[in-house]
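# Tertiary structure, described
These are the residues of each chain, in order.
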Amino acid sequence: MSEREKIVENFVENIHCATYEERYLKKIINNTTLINRGRNEAESLNGFWNFCIDQYDSCLRSKWYEEKYFDEEGRQLPIDYSFDQWERIKVPSCWNMHDERYLLYEGSAVYTRRFKYKNNGEKRVFIRFGAVNHEAKVFLNKEYLGMHKGGSTPFCIEVTGKLNDENRILVVVNNTRKRTNVPCDDFDWFNYGGIYRDVELIRLPETFIKRFEIYMKPGSGYKKIRAAVYTDGSVNQGNAALEINELGIKKEISIVDGFGEIEFEATPELWSPENPKLYEVTLSYMNDSVTDKVGFREIAVKGTDIYLNGKKIFLKGVCAHEDSVYNGKAITEDEIRENFRLAKEMNCNYMRLAHYPHTEKAARIADEMGIMLWEEIPVYWAIDFRNPETYIDAENQLTELIKRDINRASVIIWSVGNENADTDARLKFMSALAKKAQELDPSRLVSAACLVNHINLRIEDRLIDYLDIIGVNEYFGWYDPDVSKLLTFFNNSNPEKPVIISEFGADARACERGTSDDIYTEDRQMSIYKEQTETIRKIPYIKGTSPWILFDFRCPRRHHYLQGQYNIKGLLSADKSHKKLSFYVMKEFYAGIDKKD
Ligand code: GCB
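Residues numbered from 1 in each chain as written. Predicted model: local features only at pLDDT ≥ 70, side-chain atom pairs only at ≥ 80, totals over all residues. Heavy atoms only, no water.

## Description of the overall build of the chain
The criterion, for reference: Secondary structure elements follow DSSP: runs of H or I no shorter than four residues count as helices, runs of E no shorter than two count as strands, and numbering proceeds from the N terminus. Within these notes, the globule rule equals 2.2 Å times the number of residues to the 0.38 power, and the radius of gyration is based on C-alpha atoms. For every residue, the accessible area (1.4 Å probe, protein chains only) is compared with the maximum for its type, and the residue is labelled buried under 20%, exposed over 50%, or partly exposed between those bounds. Every residue pair with non-hydrogen atoms within 4.5 Å of one another is taken to be in contact. Computed with a 1.4 Å probe, the accessible areas rest on the Shrake-Rupley method; for each residue, only the protein chains presented here act as cover.
When helices and strands are counted, the chain shows 12 helices and 33 strands. By the compact-globule yardstick of 25 Å for 597 residues, the chain fits well, its C-alpha radius of gyration being 25 Å. Along the longest, intermediate and shortest principal axes, the C-alpha atoms of the chain span 80 × 60 × 45 Å. Looking at the chain as a whole, 58% of its 597 residues are labelled buried. Considering only intrachain contacts with a sequence separation of at least 6, the fraction spanning at least 24 residues in the chain is 73%. Carbon and sulfur atoms make up 47% of the accessible area of the chain, which totals about 24,500 Å².

## Quick word on the side chain of Asn167
Put simply, the rule is: Here a polar contact means two N or O atoms within 3.5 Å. Within protein one must be a hydrogen donor candidate and the other an acceptor candidate, and residues neighboring in sequence count only if both atoms are side-chain atoms.
Mapped onto the secondary structure, Asn167 falls in strand β10 (residues 166–174). A polar contact is formed between the side chain of Asn167 and the backbone nitrogen of Asn164, at a distance of 2.7 Å. Setting aside residues up to four positions removed in sequence, Asn167 forms contacts with Arg113, Arg114, Phe115, Lys116, Tyr117, Leu140, Asn141 and Lys162.

## Some remarks on the sheet that holds strand β29 (residues 470–473)
Let me state the cut-off plainly: If DSSP finds at least two bridges between two strands, the strands pair.
In spatial order, the strands read β23-β31-β30-β29-β28-β27-β26-β25-β24; together these nine strands make up an open sheet with parallel pairing. The strands lining the two open edges of the sheet, one partner per strand, are β23 (315–316) and β24 (319–320). As paired strands, strand β28 (residues 445–450) and β29 are joined by two bridges and run parallel to one another. Along β29, the bridge assignment pairs Cys450 with Val472.

## Some thoughts on unusual backbone geometry
With an omega of -15°, the peptide bond running from Ala354 to His355 counts as cis. On the secondary structure map, His355 appears in the loop between β25 (350–353) and α7 (360–369). In this model, Asp257 sits at a positive phi of 50°, which is unusual for a non-glycine residue. Within the secondary structure layout, Asp257 lies in the loop between β16 (249–255) and β17 (259–265). Given a relative accessible area of 59%, Asp257 falls into the exposed group. Non-glycine residue Leu457 carries a positive phi angle of around 50°. Exposure remark for Leu457: the relative accessible area of 13% places this residue in the buried category.

## Let's talk about the site of the ligand
Put simply, the rule reads: Whether a residue is near a molecule or strand depends on its heavy atoms: if one lies within 4 Å, it is near.
In the region of the ligand, 14 residues are neighbours, and Asp188, Tyr380, Glu419, Tyr479 and Lys569 sit closest. Between the ligand and the protein, one listed contact pairs an oxygen atom with a side-chain N or O atom of Asn418 at 2.9 Å. Within the side chain of Tyr475, one N or O atom sits 3.3 Å away from an oxygen atom of the ligand. Expressed as a share of its isolated accessible area of 320 Å², the protein-covered part of the ligand is 97%.

Okay, here's the thing in structure tokens:
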């Protein structure tokens, strides 16, 4: 609010202050406060919260969270909210699935609940949100705590000293698509809204383990493990203890200024899709300890080959969105397991989790089930590459993702984006992200899903210089109906790095039959899949494929009557009950691919 506005005598803040949002933008919650405590249990704040769609942002404009019910003389004030009488919504969930009236709603919504708190001896307390799409402004007991941007990564807020016996938490969630956001205002999936992952209260000692990293040291001949610990609190010098009982390992890590790292000899059984071996790892420091289950493996590239634990591999994959007919983006553990099981039934050993970080549970389950993963941040299509704020946001989302999943053996690739035009601004933006990923995590490969150069018909993208693996999205047979160009495209290219066909595919309405010339039928999709796989099979530098996509998903851009607001490129119907003909083409292709060399 400007000085000029304030001196106007009839100025009423909640209706005249057009810049009401500015005050909230000053307190940003980002990766620097993220806590990652492995498998340690926390107290759940899930459950039923009171909820209200707030289309005009009245909560933020009129400061509802201050709960001012009376004036200074004790007279009752008129208010436009009644938190405890509002309807109730389940957290975690998407409001779009809660009520048909909210299916396509985009904007602000207010979530609030009361909860009791009793100190059990802890000195520090945090609230952790698994994810809120897309922005969250968090208030506790009338106080503004800060705002988080980025709809698919976790964030933590310290609430030490701010809790009473009875508390009210209030979150203003906003899923408005914006040009400057990551993703921006145009993307090919459904824009769900809400607090759709777990909310937890974390009780900790004064000095605690904030997060830790442990992985097999790349290039050590599978003989060395590297571990690092980050602590928080006043005792920032001392010794942490690391234990992996099953390997007979007990090590001390010296902590200096809240950080310590160690490398030591160890020869664990290596994690792989065939043998997803996990070890229980415990770290202790002062009065605190954390445990997790961790696999050890090495992923590397050499020339145009990808190696897992020194063995050449072909990534037999499929893409998947975090989407469900029943739960939207708030997919359940059962649904995650079902997706992996279906992928395995198709002979997959790998999945591309498109186009944003899926729930952290997905990587945990993949660790257990033996599925390698590509994880991605939503630097999708026409992000505002020239905008420095957009870069900060993208880098923060990447950092939050890496801090969250660095101990997951299943994750082998970080993807810094998808299908972006090769402009100078994009090269600067995305090469910086690739470097950041490599700097934060030397135990994984970095990739991006690049576009085809349709003029030169060859793999060509300046970003490739910064990637370990080249992801290529090509839709020969579909968006470019001339499938015969595919072989020319591959033959014209001479990549020096391994290539993954990160996408190919075609629409097919489940159960719609016809000839291979009939668009939107399973038969046409199958004929494109046959052409694609027969061509890909012949190309030695291709070291993986993840066709688009495991199952049909909601998509408000798709208005053909056979699409019905779904992207119907799935190998399965949206409810996964029907396998399209192409599912079996992929299954057979993957069954034979290991014999390719
Ligand atoms: C793509 C995009 C993906 C779309 C898909 C399609 O290349 O990466 O997000 O959904 O094509 O169906 O057009």
